[in-house]
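# Notes for the structure review
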Amino acid sequence: MSAELPNPSDASDSKPLFSVADPRVLRTLDASLNRAAEGLRVVEDYARFIRDDALLTEQLKRLRHGLAELGRVFPWQDRLALRETASDVGVSISTLSETCRASAEEVCIASLERSQQALRSLEEFAKTVDGAPSAGFERLRYETYQIAKAIAAGQRGSDRLASARLYVILDGSGSLADFSALVTSLCQAGVGVVQLREKGLCDRALVCFARAMVTAAADFPTLTIVNDRPDLAVLAGADGVHVGQEELSVHDARAIVGPQRLIGVSTHNVEQLKQAVKSGADYVGLGPTFPSKTKRFESFAGLDFLREAAVTTSLPAYAIGGITEENLADVLATGAQRIAVSAAVTGSAEPAEAARRLLKQLAVR
Ligand SMILES: Cc1ncc(COP(=O)(O)OP(=O)(O)O)c(N)n1
Ligand SMILES: Cc1nc(C(=O)O)sc1CCOP(=O)(O)O
Ligand SMILES: [Mg+2]
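The written sequence of each chain sets the order in which its residues are numbered from 1. A letter from A marks each chain and a number from 1 marks each ligand, given out in the order of writing. In view of the model being predicted, local features appear only for residues whose pLDDT reaches at least 70, and side-chain atom pairs are presented and counted only at 80 or more, with totals across whole chains, interfaces and linings using the full set of residues.

How we decide: UniProt positions are given in the numbering used here, feature names are shortened, and annotations may be inferred rather than shown by experiment.
As recorded by an unreviewed UniProt entry, the protein carries the name Thiamine-phosphate synthase and is attributed to Botrimarina hoheduenensis. Listed under Function (unreviewed entry) in UniProt, the entry text for the protein is "Condenses 4-methyl-5-(beta-hydroxyethyl)thiazole monophosphate (THZ-P) and 2-methyl-4-amino-5-hydroxymethyl pyrimidine pyrophosphate (HMP-PP) to form thiamine monophosphate (TMP)." Per UniProt, the comment on the protein under Sequence similarities (unreviewed entry) is "Belongs to the thiamine-phosphate synthase family."

Okay, structure coming up:
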């Protein structure tokens, strides 16, 4: 077991130290503090080196430091004195599943679970020590659940949207037949995602368009998303739903769409982006970048937001708002790799050709 003891010179004099009367309890707390910290370090390495995700890495680092801070209330000299690795009956017991992992994701999940178990143990045994920070360990355990959700969602989004660089937003203003033909032609062009975004139809008509989109895309890898309405996404059998800042939360949308469907969230600044990642969004929209012919905006997140987002999260992120063939190079120069557009495709006389040209520009990077 590696020593995750605080450096004695770091120990804050102002921290109350709890002397644990029962040495067996202190030994248990010591082992669990180490196990939790080690597990969190593995997950942090996964976030940092495998996912290359600054936001998750920062969250995990903060969590690990929070744990070390709570652990400082148990005198480190006593903890060290009680370590008896040689006579620890648990040291030589390992299950087959611990010696073999199928992927880095599995390593991450196993380590996160190990940390959660250790935190639970800390929480329970700390209750036997008067004044020890049992509630603090509980809080950290809940934070690990949130991180697990963000990691799983990021994985789901990254897997399913891996090659989806172009996302096209369509309305339902024309006939159902024309709409179906348009969806098919965009799928044939290689568009990664199509979204039905229609504010002016009654629910009965809207679900017809949603079903038409799903049917038209059925033979293609193109994913289908319904804007604003998780209920209609499920009814139509779409791949997911997109929600804005004033619509259902990811938590509530997830309750409707279930664990497999994608949930995308619109974000307009870094705080919203961080919140979307934390809440378990599978992908995010980043905008508005430029003035749009599709939707009016008072203010613009612009290219700076795209630059910030590119170094903040590894979640699939779609720059949106007024993006055209002409300004796409500026968008890509920020580090953005994916775009969502409406007018640049639907406003063209030949939407599928417009999509092909955008895809060509996107593929260059
Ligand atoms: C991919 C994508 N990004 C952003 C939006 C905008 O969603 P929202 O802010 O909820 O605004 P409305 O589209 O509902 O007017 C989107 N639809 N898709
Ligand atoms: C619907 C929508 N939401 C945006 C956001 O920034 O959240 S921008 C936008 C309009 C996207 O259409 P176009 O490509 O025609 O500008
Ligand atoms: Mg919306």
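### Some words on the overall build of the protein
Heads up, the rule is: The helix count covers DSSP runs of H or I at least four residues long, the strand count covers runs of E at least two residues long, and both are numbered beginning at the N terminus. Partly exposed residues are those whose C-beta has more than 12 but fewer than 20 other C-beta atoms within 10 Å; with 20 or more the residue is buried, with 12 or fewer it is exposed, and the C-beta atoms are placed from the backbone. Our contact criterion uses C-beta atoms placed from the backbone: two residues qualify when those atoms are within 7 Å.
The helix and strand inventory of the protein stands at 15 helices and eight strands. Viewed in the frame of its principal axes, the protein has a C-alpha envelope of about 80 × 35 × 35 Å. The burial tally for the protein puts 42% of its 365 residues in the buried class. Long-range pairs, those at least 24 residues apart, make up 66% of the contacts in the protein with a sequence separation of at least 6.

### Digging into the site of ligand 1
So the rule is basically this: Here, nearness means that the C-beta atom of a residue, built from backbone geometry, sits within 6 Å of the molecule or strand in question. As a working rule, the residues Ala, Val, Leu, Ile, Met, Phe, Trp, Tyr, Cys and Pro are called nonpolar, Asp, Glu, Lys and Arg charged, and the rest polar, with Gly in that last group.
By nearness alone, 16 residues border ligand 1, and His242, Gly244, Ser266, Gly285 and Ala340 come closest of all. Among the elements of the structure, strand E1 (166–170), strand E5 (262–267) and strand E7 (317–320) are those that each provide at least two residues to the shell around ligand 1. Tallied by class, the residues present in the shell around ligand 1 amount to five nonpolar, seven polar and four charged.

### Thoughts on the domain arrangement of the protein
The line we're drawing: For every domain, the bounds stem from an assignment made automatically or drawn from a database.
Domain annotation of the protein identifies domain 1 (8–157) and domain 2 (163–363). Listed by partner, the interface residues are twelve residues for domain 1 and 14 residues for domain 2. For the side of domain 1 that touches domain 2, the element with the most residues is helix H6 (residues 134–160), which contributes seven residues. Split by residue class, the side of domain 1 that touches domain 2 holds four nonpolar, three polar and five charged.

### Observations concerning helix H5 (residues 104–126)
Put simply, the rule is: Each residue after the first adds 1.5 Å to the expected span of a helix.
In this model H5 runs 32 Å from its N-terminal to its C-terminal C-alpha over 23 residues, within 8% of the 33 Å that 1.5 Å per residue would give. Where H5 is concerned, the buried positions are Cys108, Ser111, Leu112, Ser115, Ala118, Leu119, Leu122, Glu123, Phe125 and Ala126.

### Thoughts on unusual backbone geometry
Cis rather than trans, the peptide bond between Gly287 and Pro288 has omega equal to -5°. Secondary-structure assignment places Pro288 in the loop between strand E6 (283–286) and helix H12 (302–310). At Asp52, a position not held by glycine, the phi torsion is positive, near 55°. If you trace the backbone, Asp52 turns up in the loop between helix H1 (23–50) and helix H2 (54–71). Using a count of 12 C-beta atoms within 10 Å as the deciding quantity, one classes Asp52 as exposed. Of note, the phi angle at Asp228 is positive, near 70°, even though the residue is not glycine. With respect to the helices and strands, Asp228 occurs in the loop between strand E3 (223–227) and helix H9 (230–236). Judged by the 20 C-beta atoms lying within 10 Å of it, Asp228 is buried.

### Structural notes on the environment of Thr294
Its place among the elements puts Thr294 in the loop between E6 and H12. With 17 C-beta atoms packed within 10 Å, Thr294 lands in the partly exposed category. Between the alpha carbons of Thr294 and Ile169 there is a distance of 9.8 Å; along the sequence they are 125 residues apart. In this view, Thr294 contacts Ser342 and Ala343; residues no more than four positions away in its chain are not counted.

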